[in-house]
Structures are given as structure tokens and as C-alpha cells.
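Inside the fold
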Amino acid sequence: MSWEIVIGLEIHAQLSTKSKLFSGAAVGFGAEANTQTTLVDLGMPGALPVFNKEALRMAVMFGHAVNAEIGMTSVFARKNYFYPDLPKGYQTSQMDDPIVGIGHLDVTLEDGTTKRVGITRAHLEEDAGKSLHEDFHGMSGIDLNRSSTPLLEIVSEPDIRSAKEAVAYVKMIHSIVTYLGICDGNMAEGSMRCDVNISLRPKGQEEFGTRTEIKNVNSFRFIEKAIHTEVERQADILEDGGKITQETRLYDPEKDETRSMRSKEDANDYRYFPCPDLLPVVLTQEYVDQIKETLPELPTQKAARFISDYSLSEYDAGVLSSSRPMADYFETVTQTANDAKLSANWVMGELSKLLNQNQIEIANSPVDAKNLGQLLARIKDNTINGKTAKDILLDMWNGEGSADEIIDKKGLKQVTDTAAIETMINDIIAANSAQVEQFRAAEPDKQKKMMGFFMGQIMKASQGKANPGIVTPILMKLLKG
Amino acid sequence: MLEQNISSLVQKLRNKEITSLELTQSYLDKISELNPSLNSYITVCSESALAAAKEADIAIAAGTAGPLAGIPIAHKDLFCTNGIKTTCASKMLSNFVPPYESTVTAKLEQAGAIMLGKTNMDEFAMGSSNENSHFGLVKNPWNTDLVPGGSSGGSAVAVAAGMAVATTGTDTGGSIRQPASFCGITGLKPTYGRVSRFGMIAYASSLDQAGPMARSAEDCAHLMNAIAGFDPQDSTSAEVETQDYLTNLDQPLTGLTIGLPKEYFGEGLEQGVADAIRQAVSEFEKLGAKIKDISLPNLKLSIPAYYVIAPSEASSNLSRFDGVRYGHRCDEPKDLIDMYTRSRAEGFSKEVQKRIMVGTYALSEGYYDAYYLKAQRIRRLIKQDFVNALNEVDVIMGPVAPTTAFAIGSKTDDPVAMYLEDIYTLSVNLAGIPAMSIPAGFSNKMPVGLQIMGDYFTEAKLLNIAHQFQQHTDWHLQTPNMDKGA
């Protein structure tokens, strides 16, 4: 049978506020256990939460970015359950009245088409602490540094139909929250986590199948793999005439399998009710409008501008606008080099290759955008050719200085003197008479191929410094005799 | 020395007629004498109190003293006190020493008050008789066979028996007013949000409110001056300006309109209590007030609404007592669930467990709408009743409780009878308005409390009305004969 995949996503984005959602404790990754806590985060008796207005601002920003209704009155609710790293015995979240209501996002897919994914809601909630099970000799340790860290939980409609669409959607959310500066997007440190709801239904059927939820998938690649694995598992069961159990599952990337965590029957009754320690959050239209005005250019707007301002292809514009550091980097390179296409090719090509090889984020690139732009400017003004430029980039990557310094130091300035080039070509013709005769006897389209040999010889002789644009017509003329 | 009011004590301290050290020592002596029989204190802080008294004397001499400098008071044992055991009268917290100070106790300390100790209460403020304490029941100084009321029973008894000049209490459904009534003292439950809840161990967050308990309205005004006000650490505290609660005390009551809700004088009200209240009301008429019959039609619904909302919030508020980070943890837990269940079963009394279970049930999926949401709708109706009534009259008066103090053990097996004790007080908490209990006579040789309920943030008006009554009556000056009781 042919199955249609139905996917809905819940993304937890950790908001990059300085302090916690309900206390003044600092938010940060990697601090010594229980040092970033106040009475509130520790759940001490009599401690009371105070709502961080910065988290509110960030949530409203996100709402605007996904074309959503803003909850003018939102209410914090308590989600009650017992867990050792949940110090109050409840998580303060939002239930009936979230800060962000219905919205949508137009996601650009790999093939250039656009897919609209509905946003059901996005709500603010506090994170729990962490249980530590190692080094405690059969006991468990609790670290409450993460307790009450602000999260924005972004819930999508079940509009996604493939793993590729899911990844494109998550990448889009990732780029939006990082563009807005409301989340650092660091998935490895858990700043963005994903719960994937998956079900299958026979193609053409309207009714949804029974879904499973895969919890806490924390990389784009794992999202894709987890979906493939889970879809396969569900399809196998359904095709054998079995039934899917509604449950929460975990994805194990090492074994590439999902396994059951808890079934619906074991699910907690969270006994949500409005938190009596916090007043409803009531917004004015003025406040909501003000925040809208502070919204930076978002990825899709930026891509559109790249196409119109720099005549980039849709694909290039999409790649270059996918993250704010990438887009900022590209724009600086372009402004320095004054050639958008050349800049796009280098940022997406040579630079990205180096970044990927060394697993470095573009924001931390050892070659900054201005320096790369200056290197490209030297290609543009014929000081060097592209091949030399690649070598120089490597030197720059290794910290040997700016493009101009390396060109000077290594004497890499391109030879553009036509007389010198003519002498060089004549020497090569004289030294390779057999090849010259072959060339002269060949058909014109064959000649074109044979040009490569002579170009190679010239570059070798000039140590790569001969300008190919100048060499080619002279070489052709002299070869033809 | 022990029968003085705060104003005259402050005067005598400033005039150096007495020292705070002497005053504090005399209260500590009284505690030593009476507490073994009355059990109104859980913790007595003799050493720190005397040290603070010495400092107060120095500050008074230096002219840098706060308005309550040197005045010995005590706190209900649910206000967290830095470095001093705070138990909530529960086994769960019997060894809990907070590393922080509640706003109420911090403000009183800042005003110069001396903390004598922490007073007994019903466990987690759940109760109307102070029989439900891990540290033993509290006895009424007027008759030690009777209860002092609850949950702030220890605080009421400390004042009534002269073991503190004044005390703090909290009122979730009547827990300041009812024990004040049973013990013949004056108590004020302020408007919800008037006094910070920070550092106050929560029972039902949307109802809990701290307030003063003292011999007179004037003494309550002294404490209110210290504790009222907005607190950025409590999101539900009100950003409404406070006033000097002492300045309006002497305003005459001419033209005051008092509403008497017929629901407060119906079935279940003890005759002697009714008589004392009528007598008090006629006293107000003599002072120039007009009386108007009014109705608060939804009063009866306040009991079911309260006993859904308060336990619901409590079931969540008390979840943090799980044996993980502080408080009681059972011995040798087999696993996590065993640790939770046994720690909580051992740490909480039956009454607390009962309310947690009721609240858990009311919030459960499938029951939430029928219980919690319906109770919230009733709450709005009750609030509206008060708003309507207070459009017609300036204040509302009635009894605090249907009876005077009842016998120890007489209602412990009948929870509904116990809950009915709160019929006249619960609705005030549901509406969030301020209310007082002031001594207004005796029935069966036991004090009767008159309740005065007012509009939001009219504490100064209520104190003024109570003070005027106390200027013309001496019920509040009556003290129990401790020779008989103790």
C-alpha cells in the first residue's frame, strides 16, 4: 500500500534572555552545578515567580515573524507532575491562552518550491533541571542550573508530509529565531530541541492515523533519520495488519532506531490550572505594534533582496540568507569585493568547504568577511587569478596575514605585461614543437581541448601568475602561427 | 507592663521609662510561664530576641530607631525566617531552616520590632481549630478545654495571653479573623495583594493574605504601617499606594452606612453571638452610623467553592515537598516512587493529605470543568455580591463565626461541621476584600468577634471604624484569667 506521511513538530527554542523566565538567576551553559539558581529555581517554600519581560518581548517578536495572532491576554498555567529535577512539582507553562496563537510559515524546499506550514501556537514555559546519574555511587544528583530557563515551544500543524519538509521547516524556524536574536540555535547544547509527531495514512485517506511522538531529537540530520526510521517501522507494522500504539518514543542515533519510552496509558494527568502566583499577561496594541517595528529583516525578505539587489539566483539567495551570520558575512564580502556573483561563489564554495572541513561556524571563521572581500577584489583587478586566490585563502586561513600581505610576501602578483607573456609563450612553443604541430593539424574543436596543455605549461612556467585572460588570445594567435 | 498598647510602649521606650531589654525579658518570662500549657509557640528565640532588644535600646538612644523599635512580637510559623526554623507546624518541615527572610518579617525587623519566636498553627494553615499541628494543639487562654480557633491559633493566643505585644497571622479562609474572634483580640485580613506573600509558605496562593493580630485596631495599624505595600518579589502584590494607617483612626463615624447581610444572621448562628453582634451594631448607631439591611445571596456557595479552589491550589503548592531537596525524607527508599509516597505520607498529617487528594481530584482531567471552573464562576458571583453591596453601604458587618470557641476534639471527627465554622469568613477571601475581627462581647463566657468587611484597599477605613468602637467600648481590654486556665 502507498502511505502518506503526516508530521507535526514541536520545537523548544531556549530564549537567549540574560536571566531566567521567573527569577533573576543567570542563564548559561556549562556552569558548575546549582550555581545559577535562586530560591525560585530551587523551589524553596515561599519563593514566588516574577515574569521576565524580556522573554515576553522575544515571544511577541517570534509571533510577528510567523504571521501569528498575538495573545493579548495570555495566562501561565501549572503543569503538575513529580520528577526529581522538577523542583516545584509543576512546570509553569501556558495552556489555554498562549502568548502566540495561530500563524504560518512559508518554507522554501530544496526544489525551490514553497510549502506553507501552519503554526498552531507558541507558548512560553520554563525548563526543568537535570538529573545526573554518573559519579553518585548508585544515587542520582540534581543540577538545577537549567531550572526555569525560558523556552518558547513552537507547535506546528500536522502539515508536513516528508522528512525533507520537516528538516526544511526546522531549518526555517532555526534561521528565524537566530535572525531575531531570540535563541542562539545551538542544537548540540540543547538550545533548540525537537519533538516529532509522526503518523501514516493510506494515500487519499482524510482521517489521520495513530501517531507516535519522538522526543528530543537534537540535530537536523537526526530529525531526518529519525523520521525515516519511524516511518519504516510504522509502515512495517501497518502492512502486517498491525496497529500503531500511541506512545512517546526515543530516537537512538547510534542504532538508528526508535524505541518506546512510555505509552499513552502511562501518560501523566498534568492537572493544568492557571498559576495563582502570576497575573495574566495583558498586552496593549501599542506594545505589540512597537515590537513589530523592531523586527529585523527575516530570511525570506533577505533572500528576496539578494535576488533583486545582487541578481543572485534563487538558490544562491536561499543558501546565503539561511543564517544571519552567513548573510551578514556575504554582504560584507560583496561590499568589499564589489562583485556579488564572485562573492556568492566564494562564500558558498571555497570558504564553506574550509568551514565544513574544520567544523567551524561562519561567525567564527578565521578569515573575516572584509579580508575575503579584499582577496576577491584582487581577482577583480587582475592582481591575481582564481587559482592563486585559492592558495592565498588557505594561507589567510592559517593566519599568515591579509590577502595583500601574502601577495606581496610571496610575490604572487599576476603577470599582465603582454610582451613578457609573448616571450614566455614563444619559449614554450619552441620547446614543444611536436605538440604544436599536432595542434596545427587538428580540427578547431579539438584544438580547444589541446589548449589546456599549453595553458598548463604557461601556468607552470609563470608559477601561476600569468593572467589567463591575457594569455588565451596571445596563445591562440601564436599557436596558429 | 504587659497590658500596654504599642503607642504607649513606644513612648515609654523613647522616654527611657523602660528598656526594650526589660520589655522583651518580661515577655520571654511570660512565655516560659504560659507556653507549656497553652503551646502557642513552636520556637522561642530568647537569645536572638534579647540581642535584638539590646540593639534596639542602642538605636533608640541614638535616635536612629524605627517606628516599632524594641516592640516584642511573634510570627506565625509559616513566614520564612533566615536561619530560624520555619515548620508550618508540619513534620514535613520540622527541621527546615530557611536561608532567606519573608518580606513581612523583614519589614517588621526593619521597623525595629523584636521577634520573640514562631507561633503554632494548623499544619500548612489548614484548619479552624489549631488542633492539627505536628507540635501539638493550642489551647484557648479563656478556657483551656476549648480551641483557640485556627489556623493562626498560636498567634491569637500569644496576644490574648500576653505572650507578645502583637503577632502576624495569615488568612486564607478566616485564619486571622476566626482565632482573633475566639481569643478576644483584634485581627485584620488586608485586601489580597496589600501585603507581600514572598517568603510565606503557600497554602492557597490566590486566597492567602498576611495581616496583623493585636490587642487593638490601633496596634494593628502600627503593624500595617510596617508590612503593607507593593513587593517586586510578589507578582500578585498590588501596586497601590499605601497610607499611614494611624492618621485616620480618630475620624468620627457620623454618616457611616453599615450593611447587615441577612445571610449572616440566619440558621446556625448561636443566639449569644447574635445578641453580642446586635449590641455592637447599636453601639455604632450611637456613634452616628446608619444601618441598612442588605443581602449577599451567594454566601452559601462560598463553602463548596472554597473547598474546591483552596485544595486545588494546595495540591499543587505542596508538590514541592517531595523529600528531594529539603524537608522530611523517608528512611531507606526502595525507589523514586517509594521515596515520594512514603516521604509525603509520613510528612503530612491526614488533614493535609485529605486536602491534597481533594484538590488533585478537582483538577483531574474530566473533572476540572465540573469542579475547578465551576468554583471559579461561583467565586466571581461572590465577588460581584460584595461589589454590589459595597455600592450601597460603606462597610458590611456581621459575626466572624457562628459560635464562640468550641471544645477541643468536638469537631475533629466531623469535617463538615468544622468547615461550617468558616461560613462567614471564606467569602471575603474569595472576593479578596479586607476584613477585621474585633472583640464585641461575650457569649458562654467566651469572646465574640464582630466582623467588619470593606471595599478593596480600605484598610485605613476599617481600622478607623474599629478604633472608634474601641474608644467607646472595653471588650478589647478584657483579658483571660490565666489563674484558672493555666
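Whatever comes next refers back to the structure up there.
Presented here is an overview of the structure given in this document. Quick caveat, the model's predicted, so the values are computed rather than measured.

Summarising burial for helix 5 (residues 153-160) of chain B: eight of the eight residues are buried, a large majority. When we look at burial in helix 5 of chain B, the residues that qualify are B:Gly153, B:Gly154, B:Ser155, B:Ala156, B:Val157, B:Ala158, B:Val159 and B:Ala160.

A word on the nonpolar core. Judged by nonpolar contacts, the single largest core of 263 residues is most densely connected at A:Phe62, A:Tyr169, A:Leu372 and B:Phe124. Among the elements that line this core, the one with the most residues is helix 3 (residues 163-180) of chain A, at 12 residues. The two domains that each donate at least three residues to this core are domain 1 (3-290) and domain 2 (297-410) of chain A. If we ignore the near neighbours within four places in the chain, the residues touching A:Leu372 are A:Tyr329, A:Val333, A:Trp346, A:Val347, A:Leu351, A:Val367, A:Leu393 and A:Met396.

In this section: a nonpolar patch on the surface. On the surface, A:Leu132, A:Phe136 and A:Met139 cluster together into a nonpolar patch covering about 280 Å² of accessible area. The topology assignment puts A:Met139 in the loop between strand 7 (130-132) and strand 8 (141-143).

Residues and elements named next belong to chain B. In this structure, threonine 170 sits in strand 4 (residues 166-170). By relative accessible area, which is 1% here, threonine 170 ends up buried. Polar contacts involving the side chain of threonine 170 include one to the side chain of lysine 76, which spans 2.7 Å. Apart from residues lying up to four places away in sequence, threonine 170 is in contact with Lys76, Leu78, Phe79, Ser151, Ser152, Ser175, Ile176, Met200, Gln209 and Ala210.

Taken as a whole and assessed by the stated rule, the structure comprises 44 salt bridges over all chains. The salt bridge involving A:Asp277 is made with B:Arg197; its shortest N-O contact spans 3.0 Å. With one member in each of two chains, A:Asp277 in the loop between strand 14 (273-274) and strand 15 (281-282) and B:Arg197 in the loop between strand 5 (186-189) and strand 6 (210-214) form a pair that bridges those chains. Each member of the pair, A:Asp277 as well as B:Arg197, is classed as buried. Between A:Arg305 and A:Glu297 there is a salt bridge, with its nearest N and O atoms 2.7 Å apart. Owing to a relative accessible area of 22%, A:Arg305 belongs among the partly exposed residues under this scheme. Through salt bridges with shared partners, a single network forms among A:Glu297, A:Lys302, A:Arg305, A:Asp309, A:Asp328 and A:Glu331.

Under the counting rule described, the total for this entry stands at 29 aromatic pairs over all chains. Ring centres of A:Phe51 and A:Phe76 lie 4.9 Å apart, and the angle between their planes is 70°; this geometry places the pair in the edge-to-face category. In this pair, A:Phe51 sits in the loop between helix 1 (39-42) and helix 2 (53-65) while A:Phe76 sits in strand 3 (residues 76-80), placing the two residues 25 residues apart along the sequence. This pair shows no difference in class: A:Phe51 is buried, exactly as A:Phe76 is. Relative to B:Tyr419, the ring of B:Tyr307 lies with its centre 3.9 Å away and its plane at 15°, an arrangement referred to as stacked. Residue B:Tyr307 is found in helix 9 (residues 302-317), and its partner B:Tyr419 is found in helix 13 (residues 415-420); the two are separated by 112 residues along the sequence. When sorted by exposure, B:Tyr307 lands in the same class as B:Tyr419, which is buried. The structure contains a cluster of three or more aromatic residues connected by ring pairs, namely B:Phe96, B:Phe124, B:Phe321, B:Tyr326 and B:Phe348. Here the guanidinium or amino end of B:Arg278 rests over the ring plane of B:Phe265, the centre of that ring lying 4.3 Å away.

Calculation notes
- Residues numbered from 1 in each chain as written.
- Chains lettered and ligands numbered in written order.
- Predicted model: local features only at pLDDT ≥ 70, side-chain atom pairs only at ≥ 80, totals over all residues.
- Heavy atoms only, no water.
- Buried < 20%, exposed > 50% of the residue type's maximum accessible area, 1.4 Å probe, protein only.
- Helix = DSSP H or I, 4+ residues; strand = E, 2+ residues; numbered from the N terminus.
- Core = buried A, V, L, I, M, F, W, Y, C linked by side-chain atoms within 4.5 Å.
- Domains from an automatic or database assignment.
- Contact = heavy atoms within 4.5 Å.
- Patch = residues over 30% accessible without salt bridge, like charges linked within 9 Å, V, L, I, M, F, W, Y side chains within 5 Å.
- Areas by Shrake-Rupley, 256 points an atom, 1.4 Å probe, with all protein chains shown as cover.
- Salt bridge = Lys/Arg side-chain N within 4 Å of Asp/Glu carboxyl O.
- Polar contact = N/O pair within 3.5 Å; in protein donor to acceptor, adjacent residues only side chain to side chain.
- Phe/Tyr/Trp six-rings, centres within 6.5 Å; stacked < 30°, edge-to-face > 60°.
- Lys NZ or Arg CZ within 6 Å of the ring centre and 35° of its normal.

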